[in-house]
Amino acid sequence: QVQLVESGGGLVQAGGSLRLSCAASEHTFSNYHMGWFRQAPGKEREFVAAINWRGSRTYYLDSVKGRFTISKDNAKNTMYLQMNSLKPEDAAVYYCAAGNTWPRPSDYWGQGTQVTVSS
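These numbers were taken from a predicted model, which means no experiment stands behind them. (Residues numbered from 1 in each chain as written. Predicted model: local features only at pLDDT ≥ 70, side-chain atom pairs only at ≥ 80, totals over all residues. Heavy atoms only, no water.)

**Q** An account of the nonpolar core is needed here, citing residue identities and associated values.
**A** A general trend in soluble globular proteins is that nonpolar side chains are found buried together. Counting residues in hydrophobic clusters, the biggest one holds 29 residues, and the most contacted among them are Met34, Trp36, Met79, Leu81, Met83 and Tyr94. Elements with a contribution of two residues or more to this core: β3 (18–23), β4 (33–39), β5 (46–51), β7 (68–73), β8 (78–83), β9 (92–99) and β11 (113–118). (Core = buried A, V, L, I, M, F, W, Y, C linked by side-chain atoms within 4.5 Å. Buried < 20%, exposed > 50% of the residue type's maximum accessible area, 1.4 Å probe, protein only. Helix = DSSP H or I, 4+ residues; strand = E, 2+ residues; numbered from the N terminus.)

Laid out in C-alpha coordinates, this is it:
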(Lines give C-alpha, C1' and ligand atoms only; values in the text may rest on other atoms or scores of the structure.)
Protein backbone atom coordinates (compact mmCIF):
# COMPACT_ATOMS: atom_id res chain seq x y z
CA GLN A 1 0.00 0.00 0.00
CA VAL A 2 1.30 3.41 -0.97
CA GLN A 3 1.19 5.99 1.81
CA LEU A 4 2.25 9.57 1.31
CA VAL A 5 2.50 12.03 4.18
CA GLU A 6 3.02 15.73 3.52
CA SER A 7 4.30 18.33 5.93
CA GLY A 8 5.73 21.83 5.88
CA GLY A 9 2.80 23.97 4.88
CA GLY A 10 1.98 27.20 6.64
CA LEU A 11 1.56 30.93 6.37
CA VAL A 12 4.19 33.04 4.65
CA GLN A 13 4.38 36.57 3.34
CA ALA A 14 4.62 37.19 -0.38
CA GLY A 15 8.24 36.88 -1.46
CA GLY A 16 8.98 34.38 1.27
CA SER A 17 9.90 30.72 1.15
CA LEU A 18 8.55 27.38 2.35
CA ARG A 19 9.74 23.83 1.97
CA LEU A 20 7.20 21.04 1.71
CA SER A 21 8.11 17.46 2.50
CA CYS A 22 6.50 14.19 1.47
CA ALA A 23 7.46 11.01 3.29
CA ALA A 24 6.87 7.67 1.61
CA SER A 25 7.97 4.08 1.82
CA GLU A 26 11.18 2.84 0.24
CA HIS A 27 9.10 0.79 -2.18
CA THR A 28 7.30 3.92 -3.36
CA PHE A 29 10.51 5.82 -3.87
CA SER A 30 12.09 3.05 -5.86
CA ASN A 31 9.14 2.25 -8.11
CA TYR A 32 7.13 5.39 -8.82
CA HIS A 33 7.51 8.82 -10.25
CA MET A 34 6.49 11.44 -7.71
CA GLY A 35 5.09 14.91 -7.88
CA TRP A 36 3.27 17.84 -6.35
CA PHE A 37 -0.13 19.16 -7.26
CA ARG A 38 -2.14 22.00 -5.76
CA GLN A 39 -5.74 23.05 -5.46
CA ALA A 40 -6.95 26.53 -4.62
CA PRO A 41 -10.52 27.20 -3.45
CA GLY A 42 -12.96 27.05 -6.34
CA LYS A 43 -10.33 25.79 -8.76
CA GLU A 44 -9.38 22.43 -10.17
CA ARG A 45 -6.37 20.57 -8.90
CA GLU A 46 -3.33 21.45 -11.02
CA PHE A 47 0.06 19.93 -11.57
CA VAL A 48 3.02 21.78 -10.04
CA ALA A 49 6.17 19.67 -10.36
CA ALA A 50 7.36 16.09 -10.84
CA ILE A 51 10.52 14.05 -10.38
CA ASN A 52 11.11 10.67 -11.97
CA TRP A 53 11.75 7.57 -9.91
CA ARG A 54 15.50 7.79 -10.51
CA GLY A 55 15.61 11.42 -9.50
CA SER A 56 17.29 12.29 -12.79
CA ARG A 57 14.47 14.24 -14.44
CA THR A 58 12.20 17.01 -13.26
CA TYR A 59 9.28 18.82 -14.81
CA TYR A 60 7.53 22.01 -13.74
CA LEU A 61 4.43 24.08 -14.27
CA ASP A 62 5.57 27.13 -16.25
CA SER A 63 4.47 29.61 -13.61
CA VAL A 64 6.72 28.06 -10.94
CA LYS A 65 9.84 27.53 -13.02
CA GLY A 66 12.80 29.30 -11.47
CA ARG A 67 10.99 29.66 -8.13
CA PHE A 68 10.19 26.08 -7.09
CA THR A 69 12.57 23.14 -6.91
CA ILE A 70 11.54 19.52 -6.55
CA SER A 71 14.01 17.02 -5.15
CA LYS A 72 14.15 13.69 -3.37
CA ASP A 73 16.38 12.14 -0.75
CA ASN A 74 16.37 8.40 -1.22
CA ALA A 75 18.19 7.80 2.07
CA LYS A 76 15.31 9.47 3.90
CA ASN A 77 12.54 8.30 1.55
CA THR A 78 11.43 11.91 1.40
CA MET A 79 10.56 14.21 -1.48
CA TYR A 80 10.74 17.99 -1.17
CA LEU A 81 9.32 21.06 -2.83
CA GLN A 82 11.36 24.15 -2.12
CA MET A 83 9.20 27.17 -2.86
CA ASN A 84 10.87 30.57 -3.12
CA SER A 85 9.53 34.00 -4.08
CA LEU A 86 6.04 32.90 -3.18
CA LYS A 87 3.12 34.83 -4.61
CA PRO A 88 -0.46 35.11 -3.36
CA GLU A 89 -1.56 33.02 -6.35
CA ASP A 90 0.58 30.13 -5.06
CA ALA A 91 -1.74 29.74 -2.08
CA ALA A 92 -3.48 26.38 -2.17
CA VAL A 93 -3.61 22.95 -0.62
CA TYR A 94 -0.55 21.12 -1.90
CA TYR A 95 -0.73 17.38 -2.48
CA CYS A 96 2.05 14.88 -2.82
CA ALA A 97 1.41 12.24 -5.47
CA ALA A 98 3.01 9.10 -6.83
CA GLY A 99 2.37 6.97 -9.86
CA ASN A 100 3.47 5.47 -13.14
CA THR A 101 2.55 8.32 -15.49
CA TRP A 102 5.23 10.78 -16.52
CA PRO A 103 5.30 13.72 -16.05
CA ARG A 104 2.07 13.79 -14.04
CA PRO A 105 2.13 10.90 -11.60
CA SER A 106 -1.28 10.73 -9.97
CA ASP A 107 -2.16 7.21 -8.94
CA TYR A 108 -1.70 7.78 -5.24
CA TRP A 109 -2.26 10.88 -3.12
CA GLY A 110 -1.33 12.32 0.23
CA GLN A 111 -3.77 14.16 2.45
CA GLY A 112 -2.56 17.62 1.49
CA THR A 113 -0.93 20.51 3.32
CA GLN A 114 -2.14 24.10 3.29
CA VAL A 115 0.04 26.90 1.97
CA THR A 116 -1.18 30.44 2.62
CA VAL A 117 0.58 33.46 1.14
CA SER A 118 -0.25 36.89 2.49
CA SER A 119 0.18 39.95 0.31
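Next comes the rest of the description.
**Q** Please give an account of the pattern of salt bridges that cites residues and values.
**A** Evaluated as defined, the whole model comprises four salt bridges. Between Glu46 and Arg38 there is a salt bridge, and its shortest N-O distance comes to 2.6 Å. Judged by relative accessible area, which is 5%, Arg38 ranks as buried. A salt bridge links Lys65 to Asp62; its shortest N-O distance comes to 3.0 Å. In this structure Asp62 comes out as exposed when scored by relative accessible area, which is 59%. (Salt bridge = Lys/Arg side-chain N within 4 Å of Asp/Glu carboxyl O.)

**Q** Hey, could you go over the state of the cysteines for me, with residue numbers and the actual values?
**A** Disulfides are covalent bonds that link the sulfur atoms of two cysteine residues. Applying the stated criterion across every chain, the model contains one disulfide. The disulfide that involves Cys22 links it to Cys96, with 1.9 Å between the sulfurs. Residues Cys22 and Cys96 are joined by a disulfide whose S-S torsion is about -65°; by sign, that bridge is left-handed. A residue pair is termed long-range when its members are at least 10 positions apart, and Cys22 in strand β3 and Cys96 in strand β9 qualify at 74 residues. Its relative accessible area of 0% is what places Cys22 among the buried residues. We classify Cys96 as buried; its relative accessible area is 0%. (Disulfide = S-S within 2.5 Å.)

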